[in-house]
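Notes for the structure review
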Amino acid sequence: MHHSPERLFDRPFHGFLFDMDGTLLNSTASTERVWSRWARKHGLDVEAFLPTMHGRRGIDTIRGLNLPGVDPFVEALEVERGETEDLDGVVALPGAIAFLSSLPPECWAIVTSAPAALARARIGAAGLPFPAKIVTAEDVKVGKPDPTGYLLGAERLGFDPAQCLVFEDVLAGVQAGEAAGAQVAVITATHRNPLGTDHPTIASYEELAVTVDAEKRLRIVARG
C-alpha cells in the first residue's frame, strides 16, 4: 500500500495545483498525432521521440534537440497551432469534472506546460471547469522540471507551496512539484508504463472526494 492514495487521507491542504494533460484530461491522441508529423518532417525516429516530449513546454522539447537550422520559437508556434486545431479525442479523465467542481474556486489552480490558447481550447473541449487561476507556458521562462510554475501557482492562490498538493502524471512534473516544496500525488489514468515514484498514486478521481473545513482546508477522502 506504499503508493496508495490513503496516504493523503485526512491530511489538510490549503490548495491543489493540477497539471493539465494526462492529469485532468487525456489529450494523448491529439498530442502524438501533431508531434509525430513534426518529428517525421525533421527526420526524427518518431517512436523514440514521442515518450520524451510529454509534460514539457514545446519550446523546451525542441530546444533540447539542438536541430541545426531550426528556430525553436517558430517551430513551437507551428506545433501549438496544430494542437489547438486538433482537439479530436480530448476528454476529461473519469471523475475529474466532479472532483474539480467540488473544490472552492479560490483553492485550486492549473499549472500546465501548454501555451494559454491551447490550454483554453483543451479545457473547453474536455468540459472541465475553467480555473480562476492558471499558469501556462508563457508565464515562465523555464518549464518543468523547474519548479517556477508551481511556485507561481501557489503564489497566485496565496499559499505557501508546502501547504499545497500537486497532481502530476509525468516525471518532469513530479520533479517540479518536489522542487517547489509541495506534496505530490501521481495520476496514473493515462500511464502506459509505471512511473517510478514514492508518491501516492491515484488511478481515478471517481474513487475520491474532498471535504472542506471551516477554514477552507481541503481533505481528500475515499468516496463512500
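Just so it is clear, the model here is predicted, and its values are computed rather than measured.

1. Examining the layout of surface pockets
- As a volume, the largest pocket reaches approximately 1,100 Å³.
- Those elements giving two or more residues to the lining of the largest pocket turn out to be α1 (28–41), α3 (58–65), α4 (72–85), α6 (116–126) and α8 (171–180).
- A total of six residues in the lining of the largest pocket trace back to one element, the largest contributor, which is α4.
- The residue makeup of the lining of the largest pocket, split by class, is 19 nonpolar, 14 polar and 13 charged.

2. With respect to the sheet that holds strand β6 (residues 164–168)
- An order of β5-β4-β1-β6-β7-β8 is seen for the six strands of this open sheet, with the pairing classed as parallel. The sheet terminates laterally at β5 (133–135) and β8 (201–202), the two strands that pair on one side only.
- Pairing between strand β4 (residues 108–111) and β5: three bridges, direction parallel. Each residue of the ladder has a partner; that of Val111, found in β5, is Val135.
- Running over the sheet, α8 touches β6 and β7 (183–187) and is turned about 165° from β7.

3. Notes on α4
- Taking 1.5 Å per residue as the helical rise, α4 with its 14 residues ought to reach 20 Å, and the 20 Å between its terminal C-alpha atoms agrees with that figure.
- All of the buried residues in α4 are Glu75, Ala76, Val79, Glu80, Gly82 and Glu83. Along the axis of α4, the buried positions cluster into a sector of 165°, meaning they face one direction only. Away from the buried face of α4 by more than 90 degrees, exposed residues Phe73 and Glu85 are located.
- Buried positions along α4 lie against α1, α3 and α6.
- Capping of α4 at its N-terminal end is provided by Asp71; its side-chain oxygen lies 2.9 Å from the backbone amide nitrogen of Phe73.

4. A few points about the pattern of salt bridges
- Enumeration over the complete set of coordinates arrives at 13 salt bridges.
- Between Glu106 and Lys216 there is a salt bridge; the shortest N-O distance is 2.4 Å. Of this pair, Glu106 sits in the loop between α5 (96–101) and β4 while Lys216 is found in the loop between β9 (208–212) and β10 (218–222), placing the two residues 110 residues apart along the sequence.
- On the accessibility criterion, Lys216 (42% relative accessible area) is partly exposed.
- One continuous salt-bridge network, built from bridges that share partners, spans Asp19, Lys144 and Glu168.

5. Digging into empty space enclosed by the protein
- For the structure on display, the rule yields one cavity of 30 Å³ or more.
- Estimated volume of the largest cavity: approximately 70 Å³.
- Around the largest cavity, the lining comprises 13 residues; the ones closest to its centre are Thr112, Val140, Gly143, Lys144 and Gly149.

6. Here's the deal with the packing of α4 against α6
- Orientation of α4 relative to α6, taken along the N-to-C sense of each, is 15°, at an axis distance of 9 Å. Comparing their axes, α6 and α4 come out roughly parallel. For the pair α4 and α6, the sense of crossing is left-handed. Within the contact between the two elements, α4 uses Glu80, Glu83 and Thr84 and α6 uses Ala117, Leu118, Ala121 and Arg122.
- The residue makeup of the contact of α4 with α6, split by class, is three nonpolar, one polar and three charged.

About the cut-offs
Residues numbered from 1 in each chain as written. Predicted model: local features only at pLDDT ≥ 70, side-chain atom pairs only at ≥ 80, totals over all residues. Heavy atoms only, no water. 1 Å grid on protein atoms, 1.4 Å probe; cavity = no way out; pocket = protein on both sides within 12 Å on 5 of 7 lines; lining within 4 Å. Points joined across faces, edges and corners; volume = space filled by probe spheres on them. Helix = DSSP H or I, 4+ residues; strand = E, 2+ residues; numbered from the N terminus. Nonpolar A, V, L, I, M, F, W, Y, C, P; charged D, E, K, R; others polar. Pairing = 2+ DSSP bridges. Contact = heavy atoms within 4.5 Å. Axes fitted to C-alpha atoms, helices over the stretch in contact; angles between N-to-C directions. Expected span 1.5 Å × (residues − 1). Buried < 20%, exposed > 50% of the residue type's maximum accessible area, 1.4 Å probe, protein only. Arc of directions from axis to C-beta. Polar contact = N/O pair within 3.5 Å; in protein donor to acceptor, adjacent residues only side chain to side chain. Salt bridge = Lys/Arg side-chain N within 4 Å of Asp/Glu carboxyl O. Parallel < 35°, antiparallel > 145°, perpendicular 65-115°, else oblique. Left-handed = near helix turned anticlockwise from the far one by under 90°.

Read these as spatial facts, not as claims about activity.
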